[in-house]
Amino acid sequence: MFKSTVVLLIMSLLFFGIFSSPAFAQFPQDPNHTEKDLFNTIFNRLNDSISKGLVPHSVNNTSDSFFSPVLIEIDCSEVKEIEKVEIKVTTRLINWNKTEADRLGDRTAMAYFWNEPVVKIENKIKKLNFTNYLMIDSVNATKQEKDTLGQIINEALLYHEMLHGQLLIDAMKNGANWKAKICKCEFDLGPSDMEHTRIYDLESDYRRRLGTDRGYEIVEKKIITEADINGNFEEEIADIAELKGKTIITPTIYVPPGGNVEAANLEFPSGETGPIKIKGKLRDENKEGKVEAYIDPDNIGIFADITVKPYIEVMPTANPLLTVGVLGIAIVLFLRKEMR
Ligand SMILES: [Zn+2]
């Protein structure tokens, strides 16, 4: 039988094994006006970028699913029990649910949910009807919308969430293994990339493309650093001199969904030169971490986007209990071109 009872999934944010509560899945609240306006604004910007060819991986089906169900038909004629699987995927904007968001742990401004489908079998055709949810934290997202950098972050985050929908739809459409499984009533949610093995890179890539498109000159650095045995880490991400003497600096730290980093902050030197450091702690010191920082002085506009690679490395030592989490940090500096 189709294992629908275990399929209910939150994918967008975080760890394996986190399921949205049935009450939340069944009774989502409608979005308010602020959320609708915000979504439309960011969604329209994303669609403009899509039409300019800026996205590194299409999210057209997720985008369409907000307007009408996306239909996927899978031929199962080699299987005796069913001839075909028909999948419909719809995505609905819902009201931000703080309880669900908090259950996911890390701070975020958006979330995408795959919910349990309605299942019907008619004339050897299995029909799976998915109604997925997207929600936006209007308080956080509105703050970001105030400047170009924040708008880029919001747009890339919406892209990230839509990839959670698209990557699974891609598997439904083109994944031979995926199709073979569904014909045997096995539903594989893996391609939705709960672990962000693909999505983080696609999101970063997209943000860089947006930066270039919006007039930022990009400098990129990649750093691998290690946390200590307690999970604490510290890394230089830039020199204050790169800010060209600007004194009004607006740094933002962002721990993406599943980032596994807490208490992250930036430390600035007092003089005109010296390192800008990021410090923080791995929430689970045996797991990888990810954190991003944006450094935005008033009119030069350096945008630092730090990505910590989503993998775990355990380094054996003389003491087998000593494990060291490894952080991979990619830094992207967006230098806003002088606009006159
Ligand atoms: Zn995600």
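1. Quick notes on the sheet that holds strand β10 (residues 261-267)
Here's step 1: Reading across the sheet, the three strands line up as β8-β11-β10 and stay open at both edges, with antiparallel pairing between neighbours. With one partner strand each, in any of the chains shown, β8 (232-239) and β10 form the two edges of the open sheet. Ignoring which end each strand starts from, the neighbouring axes of this sheet average 20° apart.
Here's step 2: When β8 meets strand β11 (residues 275-282), the two strands line up antiparallel, connected through seven bridges. Its bridge partner being in β11, A238 is matched across the sheet by I276.

2. Quick word on unusual backbone geometry
Here's step 1: A positive phi is found at N123, a non-glycine position, where the angle reads about 50°.
Here's step 2: As for its position among the elements, N123 is in the loop between β5 (118-122) and β6 (125-136).
Here's step 3: Its 7 C-beta neighbours within 10 Å are what place N123 among the exposed residues.
Here's step 4: Of note, the phi angle at A263 is positive, near 55°, even though the residue is not glycine.

3. Here we look at the pairing of β6
Regular strands have side chains that alternate between both faces of the sheet.
Here's step 1: Extensive coverage of β6 is indicated by the burial of nine of its twelve residues.
Here's step 2: In terms of strand pairing, strand β3 (residues 84-94) meets β6 through eleven bridges, oriented parallel. Its bridge partner being in β6, K84 is matched across the sheet by I125.
Here's step 3: For strand β4 (residues 110-114) and β6, the ladder comprises four bridges, and the chain directions are antiparallel. Paired with M110 across the strands is I136, a residue of β6.
Here's step 4: Inspection of the sheet shows β5 paired to β6 by five bridges, in the antiparallel sense. Bridging across to β6, V118 finds its partner in N129.
Here's step 5: Hairpin geometry of β5 and β6 is characterised by an intervening segment of two residues between the two adjacent antiparallel strands and by a positive phi of about 50° at N123.

4. Re the pairing of β3
Here's step 1: The pairing of strand β2 (residues 70-75) with β3 spans six bridges and is antiparallel. Bridge pairing in β3 places L71 opposite K88.

5. Brief notes about the packing of helix α6 (residues 148-174) against helix α8 (residues 199-213)
Here's step 1: Their axes nearest at 9 Å, the elements α6 and α8 cross at an angle of 145°. Between α6 and α8 the crossing geometry is right-handed. Counting all contacts with α6, which are made through I152, E155, A156, Y159, H160, L163 and H164, the residues of α8 involved are I199, L202, E203, Y206, R207, L210 and G211.
Here's step 2: Class assignment of the residues belonging to the contact of α6 with α8 gives a composition of eight nonpolar, three polar and three charged.

Calculation notes
- Residues numbered from 1 in each chain as written.
- Predicted model: local features only at pLDDT ≥ 70, side-chain atom pairs only at ≥ 80, totals over all residues.
- Pairing = 2+ DSSP bridges.
- Helix = DSSP H or I, 4+ residues; strand = E, 2+ residues; numbered from the N terminus.
- Axes fitted to C-alpha atoms, helices over the stretch in contact; angles between N-to-C directions.
- Buried ≥ 20, exposed ≤ 12 C-beta atoms within 10 Å, placed from the backbone.
- Left-handed = near helix turned anticlockwise from the far one by under 90°.
- Contact = placed C-beta atoms within 7 Å.
- Nonpolar A, V, L, I, M, F, W, Y, C, P; charged D, E, K, R; others polar.

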